[in-house]
Amino acid sequence: ARRGRPLVRRSAAMAIRPLGLRSAAARQYAAAAGRPLLIGRGGLRAAGRRLEANMSTARVVVLRRFAASAGAAAEGASGGSFGRGLLAVAVSTLGAGGVYGYWHYWRMDEALREEEEVELARVPEPSVFVHPYEVWPWYRKAWFAMRRSLYLAWVFAPFVAASTCLMIFSDKPAWRELWLAQMLTCTQNAGAAFQKFGQWLSMRPDMFPPDVIETLSKLRSDAPCHPTSVSRETLRLQFGREVAEMFESFEDEPVASGSVGQVHRARLRPEFALDGPGGKLRDVAVKVQHPGVVDSAFMDLDIVWKVVDFSQRFLHMTLPFNRGEFDVVIQAQMDFTREAFNLQQFSKNFKHERRIRFPKVSHHFVTPTVLVETWADGQVISTILEDFDNTKSNILEDIDNAKTTCKEAVTRCEDAVDEALASLAETKREVQGRLCGILYDMSMKMMVRDNFVHGDLHGGNILYSEGDNHVTVLDAGIATSLDRQTFKPFGKFLHALCSGNTDTIVEYLQKFNESKLVVNIDEFKQDIQAIMDKFMGPLRVNPDMPVNAADMFGEVMFSMQRHKMLLKGDVASTLFTISISEGLIRQLDPTFDVATSALPYVVRFMPSLFTAGD
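None of the values given here were measured: they were computed from a predicted structure.

Criteria and cut-off values
- Residues numbered from 1 in each chain as written.
- Predicted model: local features only at pLDDT ≥ 70, side-chain atom pairs only at ≥ 80, totals over all residues.
- Heavy atoms only, no water.
- Helix = DSSP H or I, 4+ residues; strand = E, 2+ residues; numbered from the N terminus.
- Buried < 20%, exposed > 50% of the residue type's maximum accessible area, 1.4 Å probe, protein only.
- Contact = heavy atoms within 4.5 Å.
- Areas by Shrake-Rupley, 256 points an atom, 1.4 Å probe, with all protein chains shown as cover.
- Axes fitted to C-alpha atoms, helices over the stretch in contact; angles between N-to-C directions.
- Parallel < 35°, antiparallel > 145°, perpendicular 65-115°, else oblique.
- Left-handed = near helix turned anticlockwise from the far one by under 90°.
- Nonpolar A, V, L, I, M, F, W, Y, C, P; charged D, E, K, R; others polar.
- Expected span 1.5 Å × (residues − 1).
- Phe/Tyr/Trp six-rings, centres within 6.5 Å; stacked < 30°, edge-to-face > 60°.
- Pairing = 2+ DSSP bridges.
- Polar contact = N/O pair within 3.5 Å; in protein donor to acceptor, adjacent residues only side chain to side chain.
- Salt bridge = Lys/Arg side-chain N within 4 Å of Asp/Glu carboxyl O.
- pLDDT = per-residue confidence, 0-100.
- Patch = residues over 30% accessible without salt bridge, like charges linked within 9 Å, V, L, I, M, F, W, Y side chains within 5 Å.

**Regarding the overall build of the protein chain**
Then comes step 1: Helix and strand counts for the protein chain come out as 26 helices and 12 strands.
Then comes step 2: Here the protein chain, with 614 residues, has 53% of them falling under the buried criterion.
Then comes step 3: Here the contacts in the protein chain between residues at least 6 apart in sequence split such that 74% fall between residues at least 24 apart.
Then comes step 4: With an accessible surface of roughly 28,100 Å², the protein chain has 55% of that area assigned to carbon and sulfur atoms.

**As for the environment of Ala 192**
Then comes step 1: Structurally, Ala 192 is set in helix 10 (residues 192–202).
Then comes step 2: Taking the relative accessible area as the measure of exposure, Ala 192 reaches 4% and is therefore buried.

**As for the packing of helix 21 (residues 484–499) against helix 25 (residues 569–588)**
Then comes step 1: Contact geometry of helix 21 with helix 25 gives a least axis separation of 11 Å together with a crossing angle of 45°. Relative to helix 25, the element helix 21 is oriented oblique. You can see that helix 21 and helix 25 cross each other, and the crossing is right-handed. Across the interface between the two elements, Thr 486, Phe 490, Phe 493 and Leu 494 of helix 21 pack against Asp 570, Val 571, Thr 574, Leu 575 and Ile 578 of helix 25.
Then comes step 2: In the contact of helix 21 with helix 25, the residues fall into 6 nonpolar, 2 polar and 1 charged.

**Here's the deal with helix 24 (residues 549–562)**
One turn of the α-helix equals 3.6 residues, which is why residues spaced by three or four share an orientation.
Then comes step 1: With 14 residues, helix 24 extends 20 Å between its outermost C-alpha atoms, agreeing within 8% with the 20 Å of an ideal straight helix rising 1.5 Å per residue.
Then comes step 2: Within helix 24, 10 of the 14 residues are buried, which leaves the element mostly enclosed by the surrounding structure.
Then comes step 3: Among all positions of helix 24, only Ala 549, Ala 550, Met 552, Phe 553, Glu 555, Val 556, Met 557, Phe 558, Ser 559 and Met 560 are buried.
Then comes step 4: Note on helix 24: the residue one or two positions beyond its end, Lys 564, has a positive phi of about 60°.

**With respect to the packing of aromatic side chains**
Then comes step 1: Counting across every chain of the model gives 17 aromatic pairs.
Then comes step 2: Taken together, a centroid distance of 4.7 Å and an interplanar angle of 50° make the contact between Phe 346 and Phe 452 tilted. With Phe 346 in helix 16 (residues 336–349) and Phe 452 in the loop between helix 20 (424–450) and strand 9 (453–454), this pair connects stretches of sequence that are 106 residues apart. An identical accessibility class is assigned to Phe 346 and Phe 452; each is buried.
Then comes step 3: Following the ring pairs from residue to residue traces out a cluster consisting of Phe 346, Phe 350, Phe 358 and Phe 452.

**Considerations on the pairing of strand 10 (residues 462–465)**
Then comes step 1: Of the two faces of strand 10, both are covered, the one formed by Ile 462 and Tyr 464 as well as the one formed by Leu 463 and Ser 465.
Then comes step 2: Pairing analysis gives 4 bridges linking strand 10 to strand 11 (residues 470–473), with the strands arranged antiparallel. Bridging across to strand 11, Ser 465 finds its partner in His 470.
Then comes step 3: The antiparallel hairpin formed by strand 10 and strand 11 contains 4 residues in its connecting segment, where Asn 469 sits at a positive phi of about 55°.

**Examining helix 10**
Then comes step 1: The element helix 10 is extensively covered by neighbouring structure, given that 11 of its 11 residues are classed as buried.
Then comes step 2: Along helix 10, the residues that are buried comprise Ala 192, Ala 193, Phe 194, Gln 195, Lys 196, Phe 197, Gly 198, Gln 199, Trp 200, Leu 201 and Ser 202.

**Side note on the side chain of Arg 282**
Then comes step 1: By secondary structure assignment, the location of Arg 282 is in the loop between strand 3 (261–268) and strand 4 (283–289).
Then comes step 2: Here the side chain of Arg 282 touches Glu 248 through a polar contact of 2.7 Å, side chain to side chain.
Then comes step 3: Apart from residues lying up to four places away in sequence, Arg 282 is in contact with Glu 248, Ala 266, Arg 267, Leu 268, Arg 269, Pro 270 and Ala 273.

**Considering the environment of Glu 373**
Then comes step 1: Relative to the helices and strands, Glu 373 is located in strand 7 (residues 370–374).
Then comes step 2: In sequence terms Glu 373 and Val 284 are 89 residues apart; their C-alpha atoms lie 5.4 Å from each other.
Then comes step 3: Glu 373 has contacts with Leu 274, Asp 283, Val 284, Ala 285, Leu 343, Pro 359, Lys 360, Val 361 and Leu 474, leaving out every residue within four places of it along the chain.

**As for the pattern of salt bridges**
Then comes step 1: Tallying each qualifying case throughout the model produces 21 salt bridges.
Then comes step 2: Its salt-bridge partner being Lys 568, residue Asp 483 comes within 3.2 Å of it at the nearest N-O pair. Of this pair, Asp 483 sits in the loop between strand 12 (479–480) and helix 21 while Lys 568 sits in the loop between helix 24 and helix 25; the two residues are 85 residues apart in sequence, bridging distant segments of the chain.
Then comes step 3: The buried category is assigned to Lys 568, whose relative accessible area is 15%.
Then comes step 4: A salt bridge links Lys 525 to Asp 503; the shortest N-O distance between them is 3.5 Å. A residue pair is termed long-range when its members are at least 10 positions apart, and Lys 525 in helix 23 (residues 521–536) and Asp 503 in helix 22 (residues 502–512) qualify at 22 residues.

**Some words on the side chain of Ser 259**
Then comes step 1: Of note, Ser 259 is situated in the loop between strand 2 (256–257) and strand 3.
Then comes step 2: The residues touching Ser 259, leaving out its near neighbours within four places in the chain, are Ala 192, Gln 195, Lys 196, Gln 199, Ala 223, His 290 and Val 293.

**With respect to the confidence of the model for the protein chain**
Then comes step 1: Of all residues in the protein chain, 68% have pLDDT values of 70 or greater, and the mean over the chain is 75.
Then comes step 2: Scored below 50 in pLDDT, residues 1–94 shows 134 contacts in the model against residues more than four places distant or in partner chains.

**Points about the sheet that holds strand 8 (residues 379–380)**
Then comes step 1: Read across the open sheet, the 4 strands follow the order 5-11-10-8; overall the sheet is mixed. For this open sheet the edge positions go to strand 5 (356–357) and strand 8, each flanked by a neighbour on one side alone.

**Examining a nonpolar patch on the surface**
Then comes step 1: Nonpolar side chains collect at one region of the surface, where Trp 143, Met 146 and Leu 150 lie side by side and expose about 360 Å² of accessible area between them.
Then comes step 2: Within the secondary structure layout, Met 146 lies in helix 8 (residues 138–168).
Then comes step 3: The class for Met 146 is partly exposed, based on a relative accessible area of 44%.

**Some thoughts on unusual backbone geometry**
Then comes step 1: Even without a glycine there, the phi angle at Asn 469 is positive, about 55°.
Then comes step 2: Inspection of the secondary structure puts Asn 469 in the loop between strand 10 and strand 11.
Then comes step 3: At Asp 475, a position not held by glycine, the phi torsion is positive, near 50°.
Then comes step 4: In this structure, Asp 475 sits in the loop between strand 11 and strand 12.

Structure below.
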């Protein structure tokens, strides 16, 4: 250690610089790293463990980033085992957490590489979903509609009562808290369609107050769970085996519950590995459909659309499109074989892009109500979004706690730790900016390169791994695509929309219009021009801020409705998914310009748009 001390100092300094510390602080921390024997390795490790215990996930990221960077620096400077030995000495100043971070991410990367190389047999594309309601006799439909209507009236009665009280006592915070609580509870109890609608609304912070967004965001992961006995019985019925026969371990407590089903973590027995007996893919997530979700979804969609129609004057949103096609897309998620097919298609499309991953599935472990897929580690983006809004007082409190803990064990590192913690707010934003870039790149490639778009990209469906900077996308039950005749015209429409070309926008909206009514083109063009002026032209309110693409789409939709136009269902569903994706992007980085950033993708992946003809 005495001979390697100068090298350790340089390695530590190289590792700390990416954290955004001033060079003086980096030198001070590196100097401390060069004197591990004077302070005592055991004490330093204990300090590291206590420090990690007082730090949020974002702060642990800093420790592990130091470990990974120090490893590269030490091995690059000395090579081989000697470099790794110096790494152990240098990283000891951060405690066991730092060493673990280096080792864990190196091993995880190797395991992921091996897993990615495994190819599973394709899941056949399922037929178009036909809801059981379609084949019921009229009297059964009538009976079901009456029962469902009475149930929903009973479910939403507390929310209606709370809303009335809030209107009367609008200045009382307690009534608003009650109103928010009833909003969440009633939506959770109403069923899949209402939960999904609430999830989508939670991605639009520009439309609702922050407390409403915070409440609705809980629907992404806090949906009601069904009893574990139901999951076990469903697995037995679907696969013809008891859970203990197939799984080495099966966690009864769900790790997550969504609008359609809940997820249990499990480990398959070697003979039932996804990639065959004795295979590597044994750690899995088991998704089991909630009982009764299929029955309720059919009628509830009609109710949701009526709620939207009624609320458009308050929420400023409209849906002037063929809802029959859109409903088919939504209802398809009720069949888990469709989700399995979508996951494999997405995996194929992004096979050579290590930053974007999807769980693997085997056709042997997929039924309409059960989906077994590879387990994915990472932090749910919803958590990162919550960290984005941490207040200055909370950050200062964390700094004080960490400084006190560290001071007790490592007085020489106090100033450096203070600097590191002070920079964590910026570090969080850097992580979110990196996430924003990955997710936008993925969304645009899905749209203009693959014509196969994930239709439910909210924060609860994406995991982020800081170690190797990749995302894992879950819940692919909803996916949209344009028919072949529409794909290229839609690309031209999207390019015109993002560049503010009114004439081209009007031209293609006429092509996408399925209404038989005559449209006054001159008036329609004037309306669209006014919208372009408002969002991208001389009437733009905040020219320094990015274009709010979702609001711009919404204004175009309102204009179409005023002119009695009806948008093609596949075009409408694609625009809808754009709005959801933009909501996620804006939550990660409010300054990101979705519209302007789309243009290079259109030019790169759809060069034929700029040749003659469609």
